[in-house]
Amino acid sequence: MQYKSQAVAKPYFIAAIGLFVGQILFGLIMGLQYVMGDFLFPAIPFNVARMVHTNLLIVWLLFGFMGAAYYIIPEETESELFSPKLAWLMFWIFLVAGALTIVGYLLVPYAGLAKMTFNDLWPTMGREFLEQPLPTKLGIVVVALAFLFNITLTILKGRKTSISLVLLMGLWGLAVFFLFSFYNPSNLVMDKYFWWWTVHLWVEGVWELILGSLLAFVLIKVTGVDREVIEKWLYMIIAMTLITGIIGTGHHYYWIGTPEYWQWFGSVFSALEPIPFFMMTVFAFNMVNRRRREHPNKAATLWALGTGVMAFLGAGVWGFLHTLAPVNFYTHGTQITAAHGHIAFYGAYVMVVLAIISYAMPVLRGRAANSEKSQVVEMWSFWLMTVAIVFITLFLTAAGILQVWLQRISATPLGFMAAQDQITLFYWLREISGVIFLIGLIVYITSFFVGGETKEAA
Amino acid sequence: MSTPSITLHTHQPGTPPGDLAIWLFIFAELLAFGVFFGSFAFSRAHHVALFNQSQLLLNRESGAINALVLITSSYFVVRAVAAIKQGFSRECANWLAGAIGFGGIFLVVKLFEFHAKFAAGISLSTNTFYMFYLSLTIFHFMHVILGMVILAAVMLKARRGGYTPENHTGVETGASYWHMVDLVWIILFPLVYVIR
């Protein structure tokens, strides 16, 4: 590693992977509850398992993004972090706050948790993905501000590159749009309207900037292609992301009580949202094909290419599938959405974080790349997890199509639960795929402990 | 505009002028407008009477004036490219200033038009036709502004003598984008204001 302070990225990456395991375990619990409704009831009700599953995902990705920033920024700015101590302090605060929140979800009934954490003073809880108690939300803001302070000052005193500026823009956007989680108007339409400013403008806006810059960084490192070329691509991708993604928010405004024109705005702009993802795929393959060096870390290259392909499939294709208003009229809130959610999050954000971890972790451990043996194990985990998520997605898509048909299109429509009973086969198949995913994740973690001959860091 | 003696190209024959990246961008922009135009046509087919009736209330004169204004500004941009190919940086910058000025005239005319519509109480929710009229023209309006910003950046660099007959990709890049903005209006104006 070139800069001493980059070392602070390591605990962030380790915590991210640890929480990732938790996320998958709760996913499996919930997947089983789909077909065995009283599994672990009343200890872990479905709604709690779901909350833990989604919240852990967000938190571990945030750990991943922060670790990535702490790793990338010193190298890009060619200077040590402004304050590695602050980064360490924030790591522990974030980890403890996150753990306490999850323990709270699991041990205290949600309404009781709300009361304990002063939700009546400033009601922000009870909304999907933003369920965190007020102290946790405030903690996230403090951690984010300290983190941004640290990163911004490092960039200000060092070399300014497009990658670090785009990353910084994405991270600031992440913090700014999180503030809408504190705004909870009593008008349900307005509530939902601004709720999406956090949820959508994160994953289909500013997070894509983070995604683009992480991918660009890894590609520069493993391919040795000119920075100038990679930066041009990065700019085109983020321009398209913002052009399509910001107004594309409209695809969430079809049926929540907003004016009708959102059906047009949402359809037109979100239909174009696959373009930046397609550009990312072309970008990744193009750069690897034009590579000017053979980097010993083949696994990182694989993750980077995988990000391009799976993000396009998951966010692009599976998003487009149900983004047009006339289609969404039927598919809204069905398993089609769940299918898209799984493959998009995996393809775009999980994979890019694993790509940067794959590239950075060996360097942080004092070598250019892991041993051949370790990389083979890691690549196995890549294929296990990726194929498993593809199958989860296909089974959920099949479940969704059936659900739409049985519940909303057929001449004799079934009620929600009756329709669910008809598609249990697909939920079982999804659960099996989920187990394969967990196996893949275990293999992934194992790869860190596989020894063998390694090359010294350059 | 260009004399036969001018054969200098910064780009390889067979590739588009300017930076390749701008062409990806132009392609994406045209796709966005294209999808919007397609939606307009699709929607009109379902509400022909409403569209025809609402269309009569648009100000075709200001639309036509603006078409002429943009086409003229595109001509200026062509002159700017021709000038830099002969190494006349100052002339190039002046032609670009003219193009930016005409872009400004377009914006002013458009603002008068918008003002009249908003004063009449027309909004995105008035009806489907006005939804398209307002969103398409406002969307295009913002592209004119972006185009002017790009041309201004090119103009400043040209004024500093930053381009040469051998290397003026930047001028061609800005020119290509500006022609796209012009082209979209050339389609938008008849489609929304005139054809019935």
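Cut-offs applied
- Residues numbered from 1 in each chain as written.
- Chains lettered and ligands numbered in written order.
- Predicted model: local features only at pLDDT ≥ 70, side-chain atom pairs only at ≥ 80, totals over all residues.
- pLDDT = per-residue confidence, 0-100.
- Contact = placed C-beta atoms within 7 Å.
- Helix = DSSP H or I, 4+ residues; strand = E, 2+ residues; numbered from the N terminus.
- Nonpolar A, V, L, I, M, F, W, Y, C, P; charged D, E, K, R; others polar.
- Buried ≥ 20, exposed ≤ 12 C-beta atoms within 10 Å, placed from the backbone.
- Expected span 1.5 Å × (residues − 1).
- Axes fitted to C-alpha atoms, helices over the stretch in contact; angles between N-to-C directions.
- Parallel < 35°, antiparallel > 145°, perpendicular 65-115°, else oblique.
- Left-handed = near helix turned anticlockwise from the far one by under 90°.

1. Quick notes on the confidence of the model for chain B
A low pLDDT means the predicted coordinates there should not be read in detail.
All names here are of chain B.
Next, step 1: Summary statistics for chain B give a mean pLDDT of 92 and a share of 93% for residues scoring 70 or more.
Next, step 2: Within the model, pLDDT remains below 50 along residues 1-9, and this stretch shows 10 contacts once partners closer than five positions in the same chain are excluded.
Next, step 3: Across the interface, the model reports ipTM at 0.80; the global pTM reads 0.91.

2. Overview of the interface of chain A and chain B
Next, step 1: Facing the 13 residues of chain A at the interface are 13 residues of chain B.
Next, step 2: Contributing elements (two or more residues each) for the side of chain A that touches chain B: helix H8 (227-248) and helix H9 (261-271) of chain A.
Next, step 3: Looking at which element gives the most residues to the side of chain A that touches chain B, the answer is H9 of chain A, with 5 residues.
Next, step 4: The class makeup of the residues in the side of chain A that touches chain B is 11 nonpolar, no polar and 2 charged.

3. Notes on unusual backbone geometry
Excluding glycine, residues mostly carry a negative phi; peptide bonds, for their part, are mostly trans.
Residues and elements named next belong to chain A.
Next, step 1: Cis geometry is found at the peptide bond from Phe 41 to Pro 42, where omega equals 5 degrees.
Next, step 2: With respect to the helices and strands, the residue Pro 42 is situated in the loop between helix H1 (9-35) and helix H2 (46-77).
Next, step 3: Despite not being glycine, Phe 118 shows a phi value in the positive range, around 65 degrees.
Next, step 4: Within the secondary structure, Phe 118 is located in the loop between helix H4 (110-116) and helix H5 (134-157).
Next, step 5: When the 12 C-beta atoms within 10 Å are taken as the criterion, Phe 118 is described as exposed.
Next, step 6: At Phe 129, a position not held by glycine, the phi torsion is positive, near 70 degrees.
Next, step 7: Residue placement: Phe 129 occurs in the loop between H4 and H5.

4. Looking at helix H4 (residues 89-119) of chain B
Residue and element names in this part refer to chain B.
Next, step 1: Here H4 contains 31 residues, and its C-alpha end-to-end distance of 45 Å stays within 8% of the 45 Å for a straight helix at 1.5 Å per residue.
Next, step 2: Within H4, the full set of buried residues consists of Ser 89, Cys 92, Ala 93, Trp 95, Leu 96, Ala 99, Ile 100, Phe 102, Gly 103 and Phe 106.
Next, step 3: One or two positions beyond H4, positive phi appears at Gly 121, with a value near 80 degrees.

5. Considerations on the packing of helix H6 (residues 162-178) of chain A against helix H7 (residues 188-223) of chain A
Residues and elements named next belong to chain A.
Next, step 1: Running from N to C, H6 and H7 cross one another at 160 degrees; their axes reach a closest spacing of 8 Å. The orientation of H6 relative to H7 falls into the category roughly antiparallel. Note that H6 runs across H7; the crossing there is left-handed.

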